Structures are given as structure tokens and as C-alpha cells.
Amino acid sequence: MTRSATTTWRRAEVVLAPVLLGLLALALWETAVVVLELRPFVVPSPTSIGAELTGNAGIIATAALSTALNAWWGLVIGVVVALVAAAVSAAVRTIDEMSAPLAAAAAVVPIVALAPVLYTMFGASTQTARVAVAAIVSFVPVYVNTLRGLRTVAPVHRDLLRAYAATRRQATLTVTLPGALPFFFSGLRVATSLAVISALVAEYFGGPVDGLGKAITSAVSSSNYPLAWAYVVGAVVVGLLFFCGSSGLERAVLHRRSQR
Amino acid sequence: MNSSAPTRATATSAGTAGTPAGTAPDPHAAAAVEVRGVTRRFSSRSGEVVALSDVDLTVRAGEFVSLIGPSGCGKSTLLRLIADLDEPTAGELSVFGRPPRVARQNHDFGIAFQQAGLLPWRSVRTNVELPLQLHGTGRGARRARATELLEMVGLADFAEHLPHQLSGGMQQRVAIARALAERPSLLLMDEPFGALDEMTREHVQTELLRLRAETGAAVVFVTHSIPEAVYLSDRVVVMSARPGQVREVVPVGLGEARDRSDDVREDDAFFDRVRAVREALHGADGTTPRGVDRR
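Residues numbered from 1 in each chain as written. Chains lettered and ligands numbered in written order. Predicted model: local features only at pLDDT ≥ 70, side-chain atom pairs only at ≥ 80, totals over all residues.

Visitor: Teacher, can you tell me more about the overall build of chain B here?
Guide: Check the secondary structure of chain B and you find 9 helices and 9 strands. Taken over 295 residues, chain B has a buried fraction of 47%. Sequence separation of 24 or more characterises 71% of the internal contacts of chain B that already satisfy a separation of 6 or more. (Helix = DSSP H or I, 4+ residues; strand = E, 2+ residues; numbered from the N terminus. Buried ≥ 20, exposed ≤ 12 C-beta atoms within 10 Å, placed from the backbone. Contact = placed C-beta atoms within 7 Å.)

As C-alpha cells, then:
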């Protein structure tokens with residue numbers, strides 16, 4: 001076997017191994033449901049979930065899009081506000097000291113629990129409350145991480161920039177911001193998953209009838225368990241897309257700058 | 001033996017007595033570094049620490065001077081004062097006849113630290129370009145100068161590598177190339193080879209001598225290695241701790257930097273100077289009275 005063939009095989013292995021494991025798990029699941037005669041409310045079989053998934057692809061996609069849009073706008077607003085706030089806190093120490101307890105409080109309060117309050121605040125017929133929940137939830141990790149990144153400048157770099165009489169602006173552009181970038185991205189990675197989860201869970205507490213969370217609860221209440229599971233699959237897909245998006249962005253940015 | 005005995009200088013007369021016999025100091029040319037009666041005190045919770053007490057020192061243009069002494073003798077503090085990274089409590093410093101602040105803003109010196117301090121997200125080449133970039137040199141000129149410098153330190157093949165792909169010694173050579181980027185007439189180095197293994201260390205020392213001969217820059221070099229100080233320097237300034245003071249200035253005079261090679265390390269004159277510096281350092285223990293001829 002040639003070397004290139006070996007590496008191709010290795011690469012194929014990396015993809016094949018988890019796929020095979022997944023298929024094996026599905027087969028075991030299917031067998032268990034059939035052999036043990038499990039009732040659908042306990043756990044439906046993968047084939048019945050698959051049938052619901054293909055049969056209702058259109059409405060599942062619509063529900064997924066609605067949840068994804070709430071998560072997306074919440075994420076965008078949360079990240080933008082977090083970046084502005086982190087920049088201000090890094091520049092003005094008193095603001096940092098004033099906001100530190102607030103950030104800590106926001107980190108421990110389960111924001112999703114505020115959803116019912118927000119629905120009454122913004123009106124139950126709009127998506128505003130859901131976007132707000134996703135925004136607050138994604139704000140926290142981005143703010144905390146970015147601020148830490150902006151504060152972390154190695155003493156040797158600080159001395160170096162001072163010795164070369166760098167202006168404040170130059171110091172920010174050449175050392176502070178590039179140094180904070182990896183911190184920002186680890187915050188963003190946490191924020192993207194949280195945004196999807198919180199936008200979906202917020203739907204459980206009220207608001208308009210679209211979205212994956214609503215669809216799951218209504219499918220369960222009408223005893224259509226395979227359909228409920230099909231919506232869960234839709235939620236997994238949305239979560240994966242968001243995750244791939246943020247880690248793809250991270251890799252592209254951090255990789256590209258190291259190529260300069 | 002007696003003829004090679006180092007001239008001894010006390011702390012207060014170090015500046016003038018340090019001038020080697022035979023070369024009359026030119027009163028018109030500003031010295032690279034002038035330190036006059038400099039004291040630096042740090043106040044901490046446990047009280048006041050005198051890092052430097054009434055230090056005088058002159059480094060002439062083109063001269064290589066090492067600062068050596070036990071830890072806590074203020075040698076790094078003195079270098080930081082020259083670089084205007086810190087300010088003296090009392091006394092005056094000048095760099096090429098100007099206050100350190102002005103010298104710093106004029107980019108009169110290059111600097112290197114014990115840590116290479118390269119920016120990890122920048123390539124080796126753009127790291128070397130940093131001082132030029134900060135001072136507004138155009139992209140083309142920057143690139144040309146970086147290529148030239150990397151050839152000088154033997155790292156031309158690594159221009160597009162990232163710092164973490166280089167060994168410690170290579171990173172330190174990049175840091176030296178960066179310090180030389182603007183052709184400074186003064187180089188400030190704070191234990192730049194302190195973290196390197198002995199073999200790499202000897203190699204970069206020889207390289208530094210060659211670079212220094214090519215550039216003609218004055219160097220203030222902080223180290224805790226006696227052979228390193230002797231091998232590199234025209235004069236070795238021996239400092240004592242608590243409070244940090246200049247104890248003695250030992251002239252070395254092992255010949256022109258460009259003529260000095262690794263062979264010097266096995267020379268009798270080299271060992272003689274190493275012994276002189278060592279004795280000067282041990283005199284700081286207080287076991288031998290000052291001014292007593294111990295030969």
C-alpha cells in the first residue's frame with residue numbers, strides 16, 4: 001500500500017468510524033424497540049421517527065427556521081452589546097468595577113426562567129421576548145471572556161511597546177486586540193450553543209405558536225411521540241449548524257492571521 | 001600578572017575611572033548612556049526597598065558594557081531606567097545627551113528581554129518588522145529590512161514561520177533582529193540569553209559579537225554569567241546588592257569585537273578577566289576589605 005493510499009484510508013477512517021458507530025447504535029435501538037415491544041411514549045423506533053421526519057420535512061424546517069432566527073438575532077445582539085461593553089469596561093476601570101457584580105449575577109440567573117415575565121413585558125404575540133432571552137444568555141460568556149482577553153497583556157509585550165514609544169492606539173491594534181481574539185472566540189463558542197438552547201426552551205413558556213419548542217410540546221400533548229422526536233432531530237440540526245458556524249469562523253480567522 | 005590586573009574603581013568614580021587608559025574621552029561626542037547619582041527606591045507593604053543607591057555610570061558610544069551582580073543588585077532596574085520603562089527616585093540619566101524619555105520617543109535604542117517576547121500570532125518576519133511598523137516605515141522598506149536582518153541572524157529560511165515553531169535560541173535571535181531593526185546606536189539587553197542552554201548560549205554570544213561589530217552600536221547588557229560578561233564586554237560593571245551599588249568596573253580588553261572568536265574562551269587573558277570579575281563579585285560579600293590587593 002502506498003503512503004498516499006494509507007493517508008486516504010486514515011482520513012476515511014476518521015469519518016467512517018463515528019458514522020459506523022452511529023449506525024450501529026440506531027440498529028441496536030431499533031432492535032430493542034421491536035424485541036422488547038417498547039411503547040412509543042417510552043421511546044419510538046428510529047424508523048418511525050425517520051418516517052415522521054420525511055413526511056413532515058416542510059413543517060419541521062419552518063419551525064426550525066423560526067427558532068434559528070430567534071437564536072441568530074439574539075446571538076448577534078448579545079455579541080455586539082457584549083463587545084461594546086467589554087471595550088468600555090477595559091478602557092474605564094470604574095465601569096468595569098460597577099458592572100462586575102451585574103455580569104456575575106447575569107451568569108448565575110437562569111435567564112430562560114425570566115421568559116414568562118418577558119412575554120408579558122413585550123407581548124405574547126411577538127418573538128421579542130425569545131430574542132431577548134437569547135441575547136441576554138449569549139451576552140454573558142462573550143462579555144466575560146473578551147474582557148479577560150483585553151486585560152491579559154504579557155508584561156514583556158507591555159514593556160516592548162512602551163520602549164518603542166507605541167501610541168495607545170498602536171498598542172491596542174498590535175497587541176491588545178489580537179491577544180484578546182482567542183478569548184472572544186471561546187466566549188462565542190459557548191454563546192452560540194446557549195443561544196439556540198435558550199431560544200428553544202423560551203418557547204416552552206408561552207409566546208407565538210411557531211418554533212421547535214412549541215412544536216415539541218404540542219406533538220407530545222397530542223400523543224404523537226415520533227413526531228415530537230422528529231422535531232428534536234430538527235433542533236439537533238439547528239444546534240449543529242450554529243456550532244459549525246462559530247467554530248468555522250474561529251478557525252478561519254485564527255488560521256488566516258497566523259498565515260500573514 | 002601584575003600588568004594585567006584590572007584597574008579598580010569605586011562606585012563614585014566609576015564613570016571617569018572606567019575610561020580605559022590611552023583613549024582620551026571626546027568631550028564633544030555625547031556618551032551613549034550617562035548615569036549620575038541615580039537612586040531608585042520601591043515602597044512595598046513590608047517597607048522601603050532601595051534597589052539602586054547613588055549609581056554613576058558612563059557608557060561611551062560603541063562600547064559594550066555588562067552589568068553583573070547578585071540577584072537584587074538592581075542591574076535590571078538600572079537598565080529599565082535607561083530605557084525609560086521606570087523613573088529614578090533621585091539622580092539623572094541621559095541617553096546620547098538627552099533625557100531617556102526623549103531618547104525613547106526618538107527611537108534611539110533597541111531593546112531585548114530575557115523572554116523573547118515575540119507576538120505569537122505574527123510570523124517571524126512581521127515580528128522583526130514591528131518597530132519599523134510602529135514608526136511608520138513603508139511596507140516595502142520594512143520587508144526588505146526584515147529580510148536583511150533575518151539573513152544576518154541566520155534565520156532567512158524561517159521568515160514565514162510562527163514563533164512557536166522555533167526553538168528558544170532561534171526565538172531569541174529573532175528578538176535580537178527586532179532590536180536591531182532601526183539600526184539603533186544603543187542596544188539594551190536584559191539577560192537575553194538567560195533561558196538558553198549552554199551550547200546555544202555560546203553560539204548566540206558569538207553571533208551577538210559579530211552583529212555588534214557590524215553595527216557599531218553601544219550595548220548595555222545585563223547578565224548573571226561571569227564568562228558571558230567577560231566574553232562580550234569592553235568593561236564589566238560589578239554591582240552589589242542591598243542597596244544596589246556599583247562595586248567595581250573591570251576593564252576587559254580582549255581585543256576588537258570583530259576579532260574575537262570562540263578561541264578567546266580558552267585564552268589565558270580570558271580566564272584572568274573571569275577571575276578578576278569573580279573576585280570583584282566576592283568582595284561584595286564583605287569577607288575581604290575593600291581596596292586590599294588580594295593577589
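Visitor: For this particular structure, what's the right way to read the nonpolar core?
Guide: In a soluble, globular protein the nonpolar side chains are often hidden away together inside. Among the nonpolar cores identified, the biggest contains 86 residues, and B:Val33, B:Ile82, B:Leu188, B:Val220, B:Val237 and B:Val277 are the most heavily contacted of them. Per-element tally for this core: the top contributor is helix α6 (residues 168-179) of chain B, with 6 residues. Excluding residues within four positions of it along the chain, B:Val277 makes contact with B:Ile68, B:Ile226, B:Ala229, B:Val230, B:Val236, B:Val238 and B:Val250. If you look at the next biggest cluster of nonpolar residues, it comprises 56 residues, including A:Val140, A:Ala219, A:Ala228 and A:Ala235. (Core = buried A, V, L, I, M, F, W, Y, C linked by C-beta atoms within 7 Å.)

Visitor: Mind showing me how you'd approach α6(B) here?
Guide: Residues spaced three or four apart along an α-helix face the same direction, because each turn holds 3.6 residues. All names here are of chain B. Between its first and last C-alpha atoms α6 spans 17 Å; for 12 residues at 1.5 Å apiece the expected length is 16 Å, and the two agree. Across the 12 residues that make up α6, a large majority, 10, are buried. Taken as a whole, α6 has its buried residues at Met170, Gln171, Gln172, Arg173, Val174, Ala175, Ile176, Ala177, Arg178 and Ala179. In this structure, the buried residues of α6 make contact with β5 (109-112), α4 (124-134), α5 (139-152), β6 (186-190) and α7 (198-215). (Expected span 1.5 Å × (residues − 1).)

Visitor: Whenever I open this one, the pairing of strand β9 (residues 245-251) of chain B confuses me. Can you help?
Guide: Looking along a regular strand, one sees the side chains alternate between the two faces of the sheet. Residues and elements named next belong to chain B. Across the 7 residues of β9, 6 count as buried, placing the element largely inside the fold. Examined bridge by bridge, strand β8 (residues 235-240) and β9 share 6 bridges and lie antiparallel to one another. What sits directly across from Arg235, in β9, is Pro251. Following β8, the chain reverses through 4 residues before pairing antiparallel with β9; Arg242 in that reversal takes a positive phi of roughly 45 degrees. (Pairing = 2+ DSSP bridges.)

Visitor: Sorry, what's going on with the sheet that holds β9(B) here?
Guide: Strands belonging to one sheet form pairs held by backbone hydrogen bonds; the direction of such a pair is parallel or antiparallel. Residue and element names in this part refer to chain B. Read from one edge of the open sheet, 6 strands run β5-β6-β7-β3-β8-β9, paired in mixed fashion. Two strands in the sheet have a free side with no partner beyond their single neighbour: β5 and β9. Going across the sheet, the axis of each strand differs from the next one's by a mean of 15 degrees, ignoring polarity. Two strands pair when backbone bridges link them, and β5 and β6 are joined in this way by 4 bridges, in the parallel orientation. What sits directly across from Ala112, in β6, is Met189. Contacting β3 (64-68), β6, β7 (218-223) and β8, helix α2 (residues 75-82) crosses the sheet at an angle of about 150 degrees to β7. (Axes fitted to C-alpha atoms, helices over the stretch in contact; angles between N-to-C directions.)

Visitor: I keep staring at the interface of chain A and chain B and nothing clicks. Help me out?
Guide: Interface size is often expressed as the accessible area that is lost when the parts come together. The partner chain B presents 16 residues to the 15 residues of chain A that form the contact. Those elements that provide at least two residues to the side of chain A that touches chain B are α7 (155-163), α8 (168-202) and α10 (225-259) of chain A. Here the side of chain A that touches chain B gets 6 residues from one element, more than from any other, and that element is α7(A). By residue class, the composition of the side of chain A that touches chain B is 8 nonpolar, 3 polar and 4 charged. (Nonpolar A, V, L, I, M, F, W, Y, C, P; charged D, E, K, R; others polar.)

Visitor: Is there a simple way to think about the confidence of the model for chain A in this case?
Guide: Reading predicted coordinates in detail is not appropriate for stretches of low pLDDT. Per-residue pLDDT for chain A has a mean of 88; in total, 97% of the residues score no lower than 70. Ranking the elements of chain A by mean pLDDT puts helix α4 (residues 93-108) of chain A last with 79 and helix α3 (residues 57-91) of chain A first with 93. (pLDDT = per-residue confidence, 0-100.)

Visitor: Any chance you could explain helix α5 (residues 115-122) of chain A here in plain terms?
Guide: Residue and element names in this part refer to chain A. Of all the residues in α5, the buried ones are Ala115, Leu118 and Tyr119. For α5, the buried positions fall inside an angular range of 105 degrees around the axis, keeping them on one side. For α5, the exposed residues set more than 90 degrees away from the buried face come down to Val117, Thr120 and Met121. In this fold, the buried residues of α5 make contact with α6 (128-151) and α8. After α5 finishes, the residue Gly123 shows a positive phi value of roughly 95 degrees. (Arc of directions from axis to C-beta.)

Visitor: Help me understand the environment of B:Arg142 in this model?
Guide: Residue and element names in this part refer to chain B. Secondary-structure assignment places Arg142 in helix α5. On the basis of neighbour count, Arg142 is assigned to the buried category, with 21 C-beta atoms found within 10 Å. Distance in space between the C-alpha atoms of Arg142 and Gly110 is 16 Å, their sequence separation being 32 residues. Contact partners of Arg142, with chain neighbours within four places excluded, come to Glu129, Leu132, Gln133 and Thr137.

Visitor: How should I be thinking about the packing of α5(A) against α6(A) in this particular structure?
Guide: Each pair of packed helices can be described by the angle between their axes along with the distance between the axes. Residue and element names in this part refer to chain A. In contact at an axis separation of 8 Å, α5 and α6 are set at 135 degrees when each is read in the N-to-C sense. One way to sum up the angle between α5 and α6 is to call them oblique. Where α5 crosses over α6, the handedness of that crossing is right-handed. Note on element contacts: α6 touches α5 through Thr128, Ala129, Ala132 and Val133, opposite Ala115, Leu118, Tyr119, Met121 and Phe122. In the contact of α5 with α6, the residues fall into 8 nonpolar, 1 polar and no charged. (Parallel < 35°, antiparallel > 145°, perpendicular 65-115°, else oblique. Left-handed = near helix turned anticlockwise from the far one by under 90°.)

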